Amino acid sequence: MLKDRVVTAILLLGGLLGAVFLLPAAGWVVLCAAVCAAAAWEWGGLARFEYSLRMSTAIVFGIACAALGFVTGLGRGEPAGAVLLIPLYGISALFWVFVVPPWLARKWTFTRPLLASLVGFIVLIPTALALMQLRALGPWVLLGTMAVVWVADIAAYFSGRAFGRHKLAPSISPGKTWEGAVGATLAVLLFGFGVLVALGADHAGGALAIAAALIAWTALSVIGDLFESLLKRQAGLKDSGSLLPGHGGILDRIDSLTSTLPLVALTTLWLAR
């Protein structure tokens, strides 16, 4: 299993780097829409949709994602048009900050397909559009944003394995610990400030604000991970899919990104005003 995970991770990273740096803007939009469609198919499995509804959900989400990408100019590599996505990003932010925490605490379940589809739209579409927008701002902007989440995931895993004693959410994801969450937070702080120092950025006056943002970023990544874990547990599934050997499905790889990328994209639009 470890060998499969390593080989798949290397192939995924190579494919991602090639796509981010080499694909034209239109090609990147199409790729993100395809990933969104694949994730929507897996979402249908978590929501226990019938085959026809799963397929239609995947198709509709993929088309909607591509259409929004081209309408806002992201298909031409023009990030300015992304201001039209502010309402969608805002809904995503409200969902992750105010809806998901009580959802996790009370372990709500999907009772109707329409609700599951609506939540899937809020989770997946803004994420795919954020991938388009951040790449339009620059390949390194996107990779740097994703790297923060990767650092948090890796640090949480190893610090949890080494020091984990206190369960973070035992009824949702027994393997996650508070020690892992603390390790992730410390690693993200070191990574974030390390990048700022390497870039020569003057952050002395706003160090506390930057630290707070990085801590919040880490917390949101954990919430995204836990949310998908809850849905998998309720659906009786170990993984969201089997597309990626050793890693499960698309949702298993982007769960922490769904809760963070749209908020980062919203922040960049806010700062650009």
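As annotated in an unreviewed UniProt entry, the protein chain is Phosphatidate cytidylyltransferase from Thauera chlorobenzoica. Under Subcellular location (unreviewed entry), UniProt gives the following word-for-word description of the protein chain: "Cell membrane". We quote the UniProt Sequence similarities (unreviewed entry) comment for the protein chain here in full: "Belongs to the CDS family."

Draft legend 1. Quick peek at empty space enclosed by the protein. Inspection of the entire model under this criterion finds one cavity of 30 Å³ or more. Approximately 50 Å³ is the volume found for the largest cavity. Elements that contribute at least two residues to the lining of the largest cavity include exactly α8 (207–235) and α9 (250–258). Looking at side-chain class alone, the lining of the largest cavity contains five nonpolar, two polar and two charged residues.

Draft legend 2. Highlighting the environment of A93. By the secondary structure assignment, A93 is in helix α4 (residues 86–106). Apart from residues lying up to four places away in sequence, A93 is in contact with L263 and L266.

Draft legend 3. Broad picture of the nonpolar core. Residues W28, W43, F95, L124 and F227 are the most contacted members of the largest nonpolar core, which totals 74 residues. If you tally residues by element for this core, the top one is helix α5 (residues 113–137), at twelve residues. Those residues in contact with F227 that lie beyond four places of it in its chain are W43, F95, W96, V100, W103, L104, V119 and V123.

Draft legend 4. Structural detail: unusual backbone geometry. Positive phi values are uncommon outside glycine, yet R48 reaches one of about 60 degrees. Mapped onto the secondary structure, R48 falls in the loop between α2 (25–46) and α3 (51–71). Not every positive phi belongs to a glycine, and K107 is a case in point at roughly 55 degrees. With respect to the helices, strands and loops of the structure, K107 is situated in the loop between α4 and α5.

Draft legend 5. Spatial organisation of a nonpolar patch on the surface. Taken together, the side chains of L13, L17, F21, L22, W140, W150, I154, Y157 and F158 define a hydrophobic patch exposed on the protein surface, amounting to about 1,000 Å² of accessible area. Put simply, the parts of the chain that give the nonpolar patch at least two residues each are α1 (2–22) and α6 (139–163). With five residues, α6 is the largest single contributor of residues to the nonpolar patch. By the element assignment, L17 lies in helix α1.

Draft legend 6. Spatial organisation of the layout of surface pockets. Quantified by volume, the second largest pocket comes out at close to 980 Å³. Lining the second largest pocket we find 28 residues, and of these T145, V148, L214, W217 and V264 sit closest to its centre. Listed by contribution, the elements that provide at least two residues to the lining of the second largest pocket are α6, α7 (178–198), α8 and α10 (261–271). Here the lining of the second largest pocket takes eight residues from α6, the largest share from any one element. Looking at the lining of the second largest pocket, its residues break down into 21 nonpolar, seven polar and no charged.

Draft legend 7. Here's a closer look at the packing of α5 against α10. As a packed pair, α5 and α10 sit with axes 8 Å apart at the nearest point and diverge in direction by 45 degrees. Relative to α10, the element α5 lies oblique. Regarding α5 and α10, the two cross each other, and that crossing is left-handed. Contacts from P126, T127, A130, L131, Q133, L134 and L137 of α5 reach α10 at L261, P262, V264, A265, T268 and L269. Here the contact of α5 with α10 is built from residues that sort into ten nonpolar, three polar and no charged.

Draft legend 8. Seen up close, the pairing of strand β2 (residues 173–177). The sheet contact formed by strand β1 (residues 167–169) and β2 spans two bridges and is antiparallel. In the sheet register, A169 faces β2, and the bridge partner there is S173. Linking two consecutive strands that pair antiparallel, namely β1 and β2, is a turn of three residues.

How each quantity is defined
- Residues numbered from 1 in each chain as written.
- Predicted model: local features only at pLDDT ≥ 70, side-chain atom pairs only at ≥ 80, totals over all residues.
- Heavy atoms only, no water.
- UniProt positions renumbered as here; feature names shortened; annotations may be inferred.
- 1 Å grid on protein atoms, 1.4 Å probe; cavity = no way out; pocket = protein on both sides within 12 Å on 5 of 7 lines; lining within 4 Å.
- Points joined across faces, edges and corners; volume = space filled by probe spheres on them.
- Helix = DSSP H or I, 4+ residues; strand = E, 2+ residues; numbered from the N terminus.
- Nonpolar A, V, L, I, M, F, W, Y, C, P; charged D, E, K, R; others polar.
- Contact = heavy atoms within 4.5 Å.
- Core = buried A, V, L, I, M, F, W, Y, C linked by side-chain atoms within 4.5 Å.
- Buried < 20%, exposed > 50% of the residue type's maximum accessible area, 1.4 Å probe, protein only.
- Patch = residues over 30% accessible without salt bridge, like charges linked within 9 Å, V, L, I, M, F, W, Y side chains within 5 Å.
- Areas by Shrake-Rupley, 256 points an atom, 1.4 Å probe, with all protein chains shown as cover.
- Salt bridge = Lys/Arg side-chain N within 4 Å of Asp/Glu carboxyl O.
- Axes fitted to C-alpha atoms, helices over the stretch in contact; angles between N-to-C directions.
- Parallel < 35°, antiparallel > 145°, perpendicular 65-115°, else oblique.
- Left-handed = near helix turned anticlockwise from the far one by under 90°.
- Pairing = 2+ DSSP bridges.

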